[in-house]
Amino acid sequence: MKCSILAGFVALAALAPLSIAQAQSHSHSGMSAQEHTAMQTPASGVVTSPADNAMLAAAPTTFSATFPHAMVLTSLRLTGAPSGEPIEVAVAADAQPATTVTTPLPVLAPGSYSAAWSAKGADGHEMTGVVRFMVH
């Protein structure tokens, strides 16, 4: 009897790595970009578009951030190609707090960029972040 229980444990132990490898190799094909981005929600709970470390075939025309609670985007500064000089992006001064905020971006040339943003909640809570992305 002890041998059969031991054999059962050995069999389970042998299958465990296979189950873990199969779970880790789960394919995300067929998912929309929004679904894939949602899976990559950072610890802060803020999801941006473009996403951090995005490699884009075309330049984005807007920047958006989705927050865990209503916020107002207070500043957005782009730094990167072609000049490397910071570009202050206009944000709506009279915007109402919302869980998703969006602002238009200037026309961007191919290159690497960072977008430093700040936002404020109705209660005065402030959040900041930096998103890096590349336009091919």
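So, here's what we can say about the structure. Keep in mind the model is a prediction, meaning the values are calculated, not measured.

**Remarks on the pattern of salt bridges**
Phase 1 of the analysis: Summed over all chains, the structure comprises three salt bridges.
Phase 2 of the analysis: With a shortest N-O distance of 3.9 Å, R132 and D52 are connected by a salt bridge. Pair noted here: R132 is in strand β7 (residues 126–135) and D52 is in the loop between β1 (47–49) and β2 (54–56), with a separation of 80 residues, a long-range link.
Phase 3 of the analysis: You can call R132 partly exposed: its relative accessible area is 43%.
Phase 4 of the analysis: Here E126 makes a salt bridge to K120, at a shortest N to O gap of 3.7 Å.
Phase 5 of the analysis: Taking relative accessible area as the criterion, K120 reaches 36% and is therefore assigned partly exposed.

**Here's the deal with the packing of aromatic side chains**
Phase 1 of the analysis: Evaluation of the coordinates by the stated rule reveals two aromatic pairs.
Phase 2 of the analysis: On the numbers, 5.6 Å between centres and 70 degrees between planes, the contact of F67 with W117 is edge-to-face. Taken together, the positions of F67 in strand β3 (residues 62–80) and W117 in strand β6 (residues 111–121) put the pair 50 residues apart, joining distant regions of the chain.
Phase 3 of the analysis: Exposure remark for W117: the relative accessible area of 5% places this residue in the buried category.

**Quick look at unusual backbone geometry**
Phase 1 of the analysis: Residue S49 is joined to P50 through a cis peptide bond whose omega torsion reads 5 degrees.
Phase 2 of the analysis: Looking at the secondary structure, you find P50 in the loop between β1 and β2.
Phase 3 of the analysis: The backbone phi angle of N53 is positive, close to 70 degrees, even though this residue is not glycine.
Phase 4 of the analysis: By the secondary structure assignment, N53 is in the loop between β1 and β2.

**What to know about the pairing of β7**
Phase 1 of the analysis: Alternating residues of β7 divide into M127, G129, V131, F133 and V135, all buried, and E126, T128, V130, R132 and M134, none buried.
Phase 2 of the analysis: As judged from the three bridges shared by β2 and β7, these two strands associate in the parallel manner. In the sheet register, L56 faces β7, and the bridge partner there is V135.
Phase 3 of the analysis: In this structure, β6 lies alongside β7, joined through 10 bridges in antiparallel fashion. Residue pairing for β7: S114 is matched across the bridge by R132.
Phase 4 of the analysis: The antiparallel hairpin formed by β6 and β7 contains four residues in its connecting segment, where G124 sits at a positive phi of about 95 degrees.

Calculation notes
- Starting from 1, residues in each chain are numbered consecutively following that chain's sequence as written.
- Reporting of local features is limited, given that this is a predicted model, to residues whose pLDDT is at least 70; pairs of side-chain atoms are given and counted only at 80 or more, and all residues count toward the totals for whole chains, interfaces and linings.
- Side-chain measures here rest on the full set of heavy atoms in the structure, leaving out hydrogens and waters.
- In what follows, salt bridge is the name for a side-chain nitrogen of Lys or Arg lying within 4 Å of a carboxyl oxygen of Asp or Glu.
- Runs of H or I in DSSP of at least four residues are treated as helices and runs of E of at least two as strands, each being numbered from the N terminus.
- Exposure classes here rest on a 1.4 Å probe applied to the protein chains alone. A residue is buried below 20% of its type maximum, exposed above 50%, and partly exposed in between.
- Working definition: rings of Phe, Tyr and Trp (its six-membered ring) pair if their centres are within 6.5 Å, and the pair is stacked with planes under 30 degrees apart, edge-to-face with planes over 60 apart, and tilted otherwise.
- Note on pairing: DSSP must find at least two bridges between two strands before they are called paired.

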